[in-house]
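Survey of secondary and tertiary structure
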Amino acid sequence: MKNVTEFWNVNLFKGLQAKEALAAEGKSAEEIQTSIGETFKMEGDKLKHFINAIDVASQNKDKLHRVLVVTYAEGEAPAPKSVKVEEHHYVPAFIKEAPPAADKKDEKSAKGGRPQRGGGGGAGGDRKGPKSSPWGLTPEEIAAKKGGGKNKKA
């Protein structure tokens, strides 16, 4: 498969609206093609591919992402939903939806089967509250922790 060009859904839908508006005015196919070429600044093969891609987009409006213009080598099977015009195939590509996310409360972690908690980081340790100083314990707090005070002598 050789990619010739591609057209994104935004331009395709704008082109489709312009084509429908011009057709409603009673313009001929040649006039529509000329007007779209001037609007989107395309000519030659690129314009021909764009007009054909608009037709493919009109058939596949739901969740269309882009239309690829490709050529297949001998023996290659064309993609499903592709439309062959002359020697080129116009392949619509669609937006894939992500699977629905499960509620975090119901998720089980792979490690222990416990519900997964957010946050994390450092070691478990005791978390009794905020420290009084960012540089560690004061000498009085160290003495109190050991069980003795300043006035206590052994």
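All residue numbers here refer to positions counted from 1 along the written sequence of the relevant chain. In keeping with the predicted nature of the model, local features appear solely for residues at pLDDT of at least 70, side-chain atom pairs appear and are counted solely at 80 or more, and the whole-chain, interface and lining totals rest on all residues. The basis for every side-chain value is the complete set of non-hydrogen atoms in the structure, without hydrogens or water.

**Comments concerning the overall build of the chain**
Let me state the cut-off plainly: Under the scheme used here, helices are H or I runs from DSSP no shorter than 4 residues and strands are E runs no shorter than 2 residues, and both carry numbers assigned from the N terminus. Burial classes follow relative accessibility: with a 1.4 Å probe on protein chains only, a residue under 20% of its type's maximum area counts as buried, one over 50% as exposed, and anything between as partly exposed. Note on contacts: a residue pair qualifies if any of its non-hydrogen atoms lie within 4.5 Å across the two residues. Throughout, the Shrake-Rupley method with a 1.4 Å probe supplies accessible areas, and for residues the shown protein chains are the sole cover considered.
When its secondary structure is counted, the chain shows four helices and four strands. Going residue by residue from the N terminus, the α and β elements of the chain occur as β-α-α-α-β-β-β-α. Out of the 154 residues in the chain, the part that is buried amounts to 23%. Taking as baseline every contact in the chain between residues at least 6 positions apart, the subset at least 24 positions apart corresponds to 59%. By element, 52% of the accessible surface of the chain is carried by carbon and sulfur atoms, the whole surface being about 12000 Å².

**Things to note about the environment of Leu12**
Within the fold, Leu12 resides in helix H1 (residues 9-24). Along the backbone, Leu12 and Lys61 are 49 residues apart, and their C-alpha atoms lie at a distance of 9.8 Å. Not counting chain neighbours up to four residues away, the residues in contact with Leu12 comprise Phe7, Phe50, Ala53, Ile54, Ala57, Leu64 and Val67.

**Here's the deal with the sheet that holds strand E4 (residues 88-94)**
Note the threshold: DSSP bridges decide pairing: two strands pair if at least two such bridges lie between them. In this description, a line fitted to the C-alpha atoms serves as the axis of each element, helices being fitted only across the stretch in contact, and the angle between N-to-C directions of two axes falls anywhere from 0 to 180 degrees.
Taken in spatial order, the four strands line up as E1-E2-E4-E3 in an open sheet, and their pairing is antiparallel. Strands with a single pairing partner mark the edges of an open sheet, and in this sheet they are strand E1 (2-8) and strand E3 (83-85). Within this sheet the neighbouring strands show an average axis-to-axis angle of 25 degrees, counted without direction.

**Observations concerning the side chain of Thr5**
Note the following rule: Within 3.5 Å is the distance limit for a polar contact, defined as a pair of N or O atoms, with the added protein rule that one can donate a hydrogen and the other accept it, and that residues adjacent in sequence qualify only through two side-chain atoms.
Along the polypeptide, Thr5 turns up in strand E1. Judged by its relative accessible area of 13%, Thr5 falls in the buried class. A polar contact is formed between the side chain of Thr5 and the side chain of Lys46, at a distance of 3.0 Å.

**Considering the packing of H1 against helix H3 (residues 45-59)**
Heads up, the rule is: Here the angle decides the label: under 35 degrees means roughly parallel, over 145 means roughly antiparallel, 65 to 115 means roughly perpendicular, and every other value means oblique. Classification used: nonpolar for Ala, Val, Leu, Ile, Met, Phe, Trp, Tyr, Cys and Pro, charged for Asp, Glu, Lys and Arg, polar for all others including Gly.
Running from amino to carboxyl end, H1 crosses H3 at an angle of 90 degrees, the nearest separation of the two axes being 9 Å. Accordingly, the angle class assigned to the pair H1 and H3 is roughly perpendicular. In this structure, H1 contributes Asn11, Leu12, Gly15, Leu16 and Lys19 to the contact, and H3 contributes Phe50, Ala53, Ile54, Asp55, Ala57 and Ser58. A breakdown of the residues in the contact of H1 with H3 according to their chemical character gives six nonpolar, three polar and two charged.

**Looking at the pattern of salt bridges**
Between side chains of opposite charge, a pair can form when the charged atoms approach closely. The following threshold applies: Salt bridges are identified by distance alone: a Lys or Arg side-chain nitrogen within 4 Å of an Asp or Glu carboxyl oxygen.
The full count for this structure, using the stated rule, is five salt bridges. Among the salt bridges present, the one from Lys48 reaches Asp45, with a minimum N-O distance of 3.9 Å. One end of the pair, Lys48, and the other, Asp45, are both in helix H3, three residues apart, so they sit about a helical turn from each other. According to the relative accessible area criterion, Asp45 is exposed, its value standing at 53%. Linked through salt bridges whose partners overlap, the residues forming this network are Asp45, Lys48 and Glu86.

**Some details on the side chain of Asn52**
As for its position among the elements, Asn52 is in helix H3. A relative accessible area of 17% means that Asn52 is categorised as buried. Leave out the neighbours within four places in its chain, and Asn52 touches Val85 and Tyr90.

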